[in-house]
Amino acid sequence: MSYSYQIRTEADYRTAYQQSVEDPEKFWAAVAENFSWKKKWDKVLSWNFEEPKVEWFAGAKLNITENCIDRHLSALGDKPALIWEPNDPNERVRVVTYNRLHKRVCQFAQVLLNNGVKKGDRVCIYMGMVPELTYAVLGCARIGAIHSVVFGGFSAQSIADRLEDAKATFIVTCDGAFRGNKDIPLKSVIDDALIGNKVVKKVIVYTRTRTPVSMLKGRDVWWEDEMEHAESQVEVNGVVQQEAAVMDAEDPLFILYTSGSTGKPKGVVHTTAGYMVWTNYTFVNAFQYQPSDIHFCTADIGWITGHSYILYGPLSAGATCVMFEGIPTWPDAGRFWEIVEKHRVNILYTAPTAIRSLMGFGTTPLEGKDLSSLKVLGTVGEPINEEAWHWYNKNVGKEKCPIVDTWWQTETGGCMISNMAGVTPGIPSWASLPMPGIQPILVDEAGKEITEKDQHGHYKGNLCIKAPWPGILRTTYGDHERCRQNYFSTYPGLYFTGDGALKDQQGNFRITGRVDDVLNVSGHRLGTAEVENAINMHAGVVESAVVGYPHDIKGQGVYAYVIMDQLHEDAQLTRKNILQTVTRQIGPIAKPDKIQFVKGLPKTRSGKIMRRILRKIAEGETKNLGDTTTLLDPAIVEEIAAGRIVD
Ligand code: WTA
């Protein structure tokens with residue numbers, strides 16, 4: 001396979017960028033020629049950001065799994081699509097070739113059909129990182145069912161909320177999942193999530209951990225039995241056949257829930273053709289992927305990074321991906337390096353939080369590990385601090401691997417601002433230049449473009465995007481108005497990212513972090529309101545306010561100020577109880593790092609919590625808290641500052 005659109009030099013980048021902006025339709029039509037279509041599009045792009053309505057390749061017909069699998073089979077059938085590295089390094093590695101992937105995906109697609117799943121139905125997938133998760137996701141795409149993958153760390157309550165929001169009728173899960181020395185009972189979490197649920201018709205359970213599970217007659221079926229039955233249906237005389245559903249370019253491909261600044265997580269919807277083109281294009285170009293490269297993206301498929309850069313981007317490019325079941329620190333902090341050595345990884349894509357946590361173990365775990373196969377390193381999920389960048393560059397890349405700092409979001413489908421490995425310069429802690437097709441703009445609170453530089457020669461403002469790219473979200477499931485309000489109403493005519501950024505005179509961007517009430521904890525997005533709602537569910541809690549503070553490893557930690565109607569004398573136990581409630585409501589990833597019990601919160605006369613002050617206190621600033629005269633009760637600030645929780 002050739003990538004005729006692959007950018008090789010900085011000059012190529014400049015040309016591609018210019019073309020993409022001057023004539024987006026022509027540019028993306030040319031890129032789209034590299035895919036397999038059942039019918040080509042009538043119109044490349046039509047859009048307005050008022051509704052918003054965005055359509056890419058309207059009128060085209062395709063199936064994304066044919067682009068990710070079938071079209072590779074004649075040339076690459078025996079090439080590994082996935083190299084699966086188990087949690088336990090002593091367990092056997094599984095290599096899934098494109099031929100095998102084809103067979104399994106077809107089989108699972110048939111299983112879904114056999115169980116009554118139809119095009120457009122929502123299928124919730126709650127599994128560990130096993131190859132079967134890939135079959136489940138692609139099996140949905142093959143028949144046109146909409147997958148909604150939920151990360152294995154979310155609680156039963158979170159799953160119940162997502163099931164209800166998506167009106168999902170089917171679930172695919174595992175008995176359990178191995179993560180480090182833990183065994184997570186996924187099926188039993190699903191059982192809890194399904195109490196009172198009358199909508200889910202079938203639960204398909206794959207056996208991974210052999211944890212005892214309850215199987216409800218008529219509802220729960222075993223993956224293995226279903227697959228065996230389907231095998232004889234799709235394989236006739238040794239030939240695997242399963243007709244892929246014909247999908248419209250704008251048919252929804254998946255829903256992925258993500259946190260925003262208000263309310264419950266929202267279901268970001270991506271559609272078929274644009275998302276495919278975008279993930280493929282960004283994968284090939286940002287990482288400068290070459291056909292023999294082994295790509296290792298350490299993300300979980302429960303997050304957008306796994307969707308786009310373990311599955312759809314690499315597979316549509318015919319790449320080989322390492323899929324890792326475990327965690328970076330188990331059995332020891334050398335695990336990533338061992339995997340790189342064992343599978344001769346060429347591209348390593350991970351999160352700053354993982355790098356910082358491994359930094360904490362020093363360089364001993366790296367000793368004796370042969371990392372010479374590495375060519376390109378990448379980071380995603382949060383701003384990378386310079387120290388971590390240099391550590392990664394020196395100890396992992398041995399100063400010979402470009403690092404791509406890819407800025408993007410669940411809503412953007414794929415990389416938006418990033419250097420291209422070895423092609424455009426990488427600058428520590430700068431995401432750098434927009435990908436072709438991306439027109440970023442920095443605006444002030446009123447939506448006016450920033451035209452004045454600050455004292456460092458940077459433009460500084462809220463990051464927006466002026467025009468659609470193929471991977472932009474199309475809606476939030478079941479609530480289009482919410483999509484409009486969240487992303488398109490703050491600055492009319494622009495997509496608002498929720499991030500703040502700097503721009504230098506060469507046009508490089510540095511993302512400074514969220515400017516809304518969204519936290520980024522170990523690369524996971526959490527809404528402060530979401531965490532507050534969970535805390536407020538706890539008996540005795542009157543009110544709470546949650547803010548982020550700088551955390552050495554997690555990037556941001558969660559600091560909660562909580563008012564109790566009466567404080568039990570064992571405050572430590574109350575804290576633990578609150579953590580239990582949060583774990584039940586959302587999942588362990590949302591647990592506050594610090595809980596301070598307070599008598600009141602700093603509020604304006606109109607009742608608005610002054611988060612600015614709480615943030616400063618959480619950051620350790622207890623003196624210069626700014627103007628507090630507009631507060632209802634200025635004295636409360638001193639009291640809170642005095643009671644601040646120190647590490
Ligand atoms: C942050 C993850 C700085 C940002 C793909 C964004 C980053 C949020 C970077 C989206 C980066 C992601 N540099 N910040 N390279 N990448 N972010 O939806 O705040 O889980 O808005 O998508 O992560 O997180 P999400």
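Quick notes on helix H15 (residues 480–488)
Phase 1 of the analysis: Among the residues of H15, those classed as buried are Cys-483, Tyr-487 and Phe-488. The arc enclosing the buried residues of H15, seen along the axis, measures out at 70°, which places them on a common side.
Phase 2 of the analysis: Along its buried surface, H15 packs onto strand S17 (266–271), strand S25 (475–476) and strand S26 (495–503).

Here's the deal with the side chain of Gln-409
Phase 1 of the analysis: By the element assignment, Gln-409 lies in the loop between strand S22 (403–406) and strand S23 (440–443).
Phase 2 of the analysis: In this structure Gln-409 comes out as buried when scored by relative accessible area, which is 5%.
Phase 3 of the analysis: Of note is the side chain of Gln-409, whose polar atom sits 2.7 Å from the backbone oxygen of Thr-497.
Phase 4 of the analysis: Not counting the four nearest positions on each side in its chain, Gln-409 is found in contact with Ile-304, Tyr-495, Thr-497, Asp-499, Arg-514 and Arg-525.

Describing the site of the ligand
Phase 1 of the analysis: Asp-405, Thr-406, Thr-410, Asp-499 and Arg-525 are the nearest of the 17 residues found near the ligand.
Phase 2 of the analysis: Thr-406 places a polar main-chain atom, nitrogen or oxygen, 2.8 Å from a nitrogen atom of the ligand.
Phase 3 of the analysis: Breaking the shell around the ligand down by element, the ones donating at least two residues are helix H11 (304–316), S22 and strand S27 (509–514).

Here's the deal with unusual backbone geometry
Phase 1 of the analysis: Residue Pro-52 is reached from Glu-51 by a cis peptide bond, and omega for that bond is -5°.
Phase 2 of the analysis: Tracing the backbone through its elements, the reader meets Pro-52 in the loop between strand S1 (43–48) and strand S2 (53–58).
Phase 3 of the analysis: The omega angle of the peptide bond from Trp-330 to Pro-331 is -5°, so this bond is cis rather than trans.
Phase 4 of the analysis: Even without glycine at this site, Glu-399 takes up a positive phi of about 60°.

Details of the packing of helix H6 (residues 131–143) against H11
Phase 1 of the analysis: Direction vectors running N to C along H6 and H11 enclose 65°, while the axes themselves pass 11 Å from each other. Like other packed secondary-structure pairs, H6 and H11 cross with a definite hand, here right-handed. Counted together, Thr-134, Val-137, Leu-138 and Ala-141 of H6 and Leu-311, Tyr-312 and Leu-315 of H11 form the full contact between these two elements.
Phase 2 of the analysis: Within the contact of H6 with H11, the residues separate by chemical class into 6 nonpolar, 1 polar and no charged.

Description of the domain arrangement of the protein
Phase 1 of the analysis: We note that the domain assignment places domain 1 (98–245) and domain 2 (518–642) within the protein.
Phase 2 of the analysis: Taking only C-alpha atoms, the centre of domain 1 and the centre of domain 2 are 38 Å apart.
Phase 3 of the analysis: The partner domain 2 presents 7 residues to the 5 residues of domain 1 that form the contact.
Phase 4 of the analysis: Where domain 1 abuts domain 2, roughly 490 Å² becomes buried across the two surfaces, and 51% of that area is made up of carbon and sulfur atoms.
Phase 5 of the analysis: Among the residues domain 1 hides against domain 2, the three largest losses belong to Phe-154, Ser-155 and Gln-157. Together they make up 54% of the total.
Phase 6 of the analysis: Counting across the domain 1 and domain 2 interface gives 0 salt bridges.
Phase 7 of the analysis: Connecting domain 1 to domain 2 are 5 residue pairs in polar contact (both at pLDDT 80 or more).
Phase 8 of the analysis: Along the lines of polarity and charge, the residues of the side of domain 1 that touches domain 2 split into 1 nonpolar, 4 polar and no charged.

Cut-offs and rules
Residues numbered from 1 in each chain as written. Predicted model: local features only at pLDDT ≥ 70, side-chain atom pairs only at ≥ 80, totals over all residues. Heavy atoms only, no water. Buried < 20%, exposed > 50% of the residue type's maximum accessible area, 1.4 Å probe, protein only. Helix = DSSP H or I, 4+ residues; strand = E, 2+ residues; numbered from the N terminus. Arc of directions from axis to C-beta. Contact = heavy atoms within 4.5 Å. Polar contact = N/O pair within 3.5 Å; in protein donor to acceptor, adjacent residues only side chain to side chain. Near = heavy atom within 4 Å. Axes fitted to C-alpha atoms, helices over the stretch in contact; angles between N-to-C directions. Left-handed = near helix turned anticlockwise from the far one by under 90°. Nonpolar A, V, L, I, M, F, W, Y, C, P; charged D, E, K, R; others polar. Domains from an automatic or database assignment. Buried area = accessible area lost by both parts, 1.4 Å probe. Salt bridge = Lys/Arg side-chain N within 4 Å of Asp/Glu carboxyl O.

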